[in-house]
Amino acid sequence: MRHLMSPLDFTVEELDKVLSLAGEIEKNPEKYAHVCQGKKLATIFYEPSTRTRLSFEAAMMNLGGNVLGFSSAASSSAAKGESVSDTIRMISCYADICAMRHPKEGAPLVASMHSSIPVINAGDGGHQHPTQTITDLLTIKSLKGRLGNLTIGLCGDLKFGRTVHSLINALVRYEGVKFVLISPEELRVPGYIREEVLDANGIEYKEVVRLEDVMSELDLLYMTRVQKERFFNEEDYVRMKDFYILDKQKMALGREDMLVLHPLPRVNEISVEVDDDPRAVYFKQVQYGVYARMALILTLLNTKVE
Ligand code: NCD
């Protein structure tokens, strides 16, 4: 039995298989419409979510399976003081696979140690978000045709943004990937990612504050929201929240084949006027998220489809 805590739990080859399966599913959804009949996915979410939870549920339904779960800590027995390890033991009796989101870093890992069904980390605090990464990789591979030889700009809250942490972890394994880390000084990528992931793998990267200065270098621009819920005080958030606003003028500085991704939800960091630009692919990315999660569920349930 396997769990998914970080994108690195899969080798590059295994991840390639998941991405190919997602591509297969996109081309031929009917073939997969009943393969999880009789199976149940539990989504246990202790933190707000729209896309991740609903796309997991849509993915399981598209496979012919069923879903159950809760969408906030307040509506679960966590409010009565139940531990994550007790909750997962119980969920293991109700479901075949479980996606869990939690505000505490490492909570899904603790759950996986007490679980008799596969546990998927659907976001743990400011740490990791591997299923968003599989979604991002699928989007990039499908629309760019490759995962290597790319200059990738990551912009916004690189300190608390777990999607960024997981994406960097996954992308350093491909040839010729360079990063441009665009953030205010206070929201730089954590030191452990710079040292243990970027430096340790000999990855070329630079850190800059101004987006305008680097737009023309990028193959991909990955925008992120300032993570309000992880700030210790409101004033710091208010000072940072509108630091970057991607608008038409800045888009004009980007290459014709540059893609703009965003894990969503967006607040102000991408102006709605950019949505009609063909390079803005963040809503396509949402659709890829469903295929990615379908492929992941099949992989972790070890479901073979002939
Ligand atoms: C992200 C998350 O939860 O980390 N959202 C998502 O899952 N698509 C990004 C965010 O909340 O900013």
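Fair warning: this is a prediction, and the values are worked out from it, not measured in the lab.

Asker: Mind laying out the packing of helix α2 (residues 51–62) against helix α10 (residues 282–300), listing which residues take part and the relevant values?
Answerer: For the pair α2 and α10, interaxial distance at closest approach is 8 Å and the crossing angle is 55°. Between α2 and α10, the interaxial angle falls into the category oblique. The hand of the α2/α10 crossing is right-handed. For the pair formed by α2 and α10, the contact residues are R51, T52, S55, F56, A59, M60 and N62 on the first element and V286, V290, R293, M294 and I297 on the second. Across the contact of α2 with α10, the residue classes break down as seven nonpolar, three polar and two charged.

Asker: Can you lay out the domain arrangement of the protein chain for me, pointing to particular residues and giving the numbers?
Answerer: In terms of domain boundaries, the protein chain breaks down into domain 1 (7–127 + 289–300) and domain 2 (130–286). Counting residues at the interface gives 30 residues for domain 1 and 25 residues for domain 2. Regarding the contact of domain 1 and domain 2, the summed buried area is about 2,300 Å², with carbon and sulfur atoms giving 60% of it. If you sort the residues of domain 1 by the area they bury against domain 2, P7, L19 and R51 come out on top, with a joint share of 27%. Where domain 1 packs against domain 2, one counts two salt bridges. For E47, the salt bridge goes to R230, with nearest N and O atoms at 3.0 Å. Where domain 1 packs against domain 2, one counts 10 residue pairs in polar contact (both at pLDDT 80 or more).

Asker: Hey, could you go over the pattern of salt bridges for me, with residue numbers and the actual values?
Answerer: For the structure shown, the criterion picks out 18 salt bridges. Two residues, R162 and E47, come together in a salt bridge whose shortest N-O distance is 3.1 Å. With R162 in helix α6 (residues 162–171) and E47 in the loop between β1 (40–45) and α2, the pair connects residues that are 115 residues apart, well separated along the chain. E47 matches R162 in its accessibility class, with the two residues each being buried. Bridged by salt links that share partners, the residues E185, R188, R194 and E207 form one connected network.

Asker: Outline the side chain of H262, supporting the account with residue identities and numerical values.
Answerer: The topology assignment puts H262 in the loop between β9 (259–261) and α10. Within the structure, the side chain of H262 is placed 2.7 Å from the backbone nitrogen of L264, a separation counted as a polar contact. With residues near it in sequence (within four places) discarded, H262 still touches M223, T224, R225, E269, I270, Y282 and Q285.

Asker: Talk me through the nonpolar core; I want residue IDs and the actual numbers.
Answerer: Judged by nonpolar contacts, the single largest core of 59 residues is most densely connected at I134, L137, L154, I168 and F179. Among the elements that take part in this core, α10 stands out by supplying 10 residues, more than any other. Split by domain, the residues of this core number at least three in each of domain 1 (7–127 + 289–300) and domain 2 (130–286). Setting aside residues up to four positions removed in sequence, I168 forms contacts with L154, F179, L181, V189, I193, V197 and L198. Judged by nonpolar contacts, the second largest core, of 20 residues, contains C155, M223, V260 and L264.

Rules used in this analysis
Residues numbered from 1 in each chain as written. Predicted model: local features only at pLDDT ≥ 70, side-chain atom pairs only at ≥ 80, totals over all residues. Heavy atoms only, no water. Axes fitted to C-alpha atoms, helices over the stretch in contact; angles between N-to-C directions. Helix = DSSP H or I, 4+ residues; strand = E, 2+ residues; numbered from the N terminus. Parallel < 35°, antiparallel > 145°, perpendicular 65-115°, else oblique. Left-handed = near helix turned anticlockwise from the far one by under 90°. Contact = heavy atoms within 4.5 Å. Nonpolar A, V, L, I, M, F, W, Y, C, P; charged D, E, K, R; others polar. Domains from an automatic or database assignment. Buried area = accessible area lost by both parts, 1.4 Å probe. Salt bridge = Lys/Arg side-chain N within 4 Å of Asp/Glu carboxyl O. Polar contact = N/O pair within 3.5 Å; in protein donor to acceptor, adjacent residues only side chain to side chain. Buried < 20%, exposed > 50% of the residue type's maximum accessible area, 1.4 Å probe, protein only. Core = buried A, V, L, I, M, F, W, Y, C linked by side-chain atoms within 4.5 Å.

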